[in-house]
Amino acid sequence: QVQLVESGGGLVQPGGSLRLSCAASGSWIRVNAMGWYRQAPGKERELVAAITSGGSTNYADSVKGRFTISGDAKNTVYLQMNSLKPEDTAVYYCKLDTYYNAYTRRSYWGQGTQVTVSS
């Protein structure tokens, strides 16, 4: 069974920083990409940042220049969040995209971690 465990969320003042971590474990043929999504109350879940197995990154326009996604050799992905704004408040979810076999892609979600930016 594939599992993703997020950590690092919390309460921070505007302008502050947080670092989220997501550790993936289990079995798969290969990883296509890992990413961070967020969902605020009353809003749709949206992509924040993603990184492919080759190291390419993609960011939402709203976080470019403030957030940085990175990964290591142990299938752990990080999201460094700087200059946080109240509108960044949301539940942040880690997503793993894999090839389950040679023909089938499968995605997995973490349980989410709350990020609250408030004075």
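Thresholds applied
- Residues numbered from 1 in each chain as written.
- Predicted model: local features only at pLDDT ≥ 70, side-chain atom pairs only at ≥ 80, totals over all residues.
- Heavy atoms only, no water.
- Disulfide = S-S within 2.5 Å.
- Helix = DSSP H or I, 4+ residues; strand = E, 2+ residues; numbered from the N terminus.
- Buried < 20%, exposed > 50% of the residue type's maximum accessible area, 1.4 Å probe, protein only.
- Pairing = 2+ DSSP bridges.
- Lys, Arg positive; Asp, Glu negative; His and termini not counted.
- Salt bridge = Lys/Arg side-chain N within 4 Å of Asp/Glu carboxyl O.
- Polar contact = N/O pair within 3.5 Å; in protein donor to acceptor, adjacent residues only side chain to side chain.
- Contact = heavy atoms within 4.5 Å.

**Q** Teacher, can you tell me more about the state of the cysteines here?
**A** Put plainly, two cysteines are in a disulfide when a covalent bond ties their sulfur atoms together. Per the counting criterion, the structure on display carries 1 disulfide. Linked covalently through their sulfurs, Cys 22 and Cys 94 form a disulfide whose S-S length is 2.1 Å. Between Cys 22 and Cys 94 the disulfide shows an S-S torsion of about -85 degrees. By sign, it is left-handed. Taken together, the residues span a long stretch of sequence, with Cys 22 in strand 3 (residues 18-25) and Cys 94 in strand 9 (residues 90-99) at a distance of 72 residues. Look at Cys 94 and you get buried, because its relative accessible area is 0%.

**Q** Explain the pairing of strand 5 (residues 46-52) here, please?
**A** Side-chain direction in a regular strand flips from residue to residue, so the side chains alternate between the two faces of the sheet. Looking at chain direction, strand 4 (residues 30-39) and strand 5 are connected through 6 bridges and run antiparallel. In the strand pairing of strand 5, Gly 35 is matched with Ala 50. Hairpin connection, strand 4 to strand 5: the antiparallel pair is bridged by 6 residues, and Gly 42 has positive phi, about 75 degrees. Pairing geometry for strand 5 and strand 6 (residues 57-59), over 3 bridges, is antiparallel. What sits directly across from Ala 50, in strand 6, is Asn 58. Hairpin connection from strand 5 to strand 6: 4 residues lie between these consecutive antiparallel strands, with Gly 55 at a positive phi of about 100 degrees.

**Q** Please clarify how the side chain of Glu 6 should be interpreted in this entry.
**A** Inspection of the secondary structure puts Glu 6 in strand 1 (residues 3-7). Summary of buried charges: Glu 6 has no salt-bridge partner, and the nearest side chain of opposite charge, Arg 45, is 7.9 Å away. One polar contact links the side chain of Glu 6 to the main-chain amide nitrogen of Cys 94, over a distance of 2.8 Å. At 3.0 Å, the side chain of Glu 6 and the backbone nitrogen of Gln 111 are in polar contact. Among residues more than four places away in sequence, those in contact with Glu 6 are Ser 21, Cys 22, Trp 36, Tyr 92, Tyr 93, Cys 94, Gly 110, Gln 111, Gly 112 and Thr 113.

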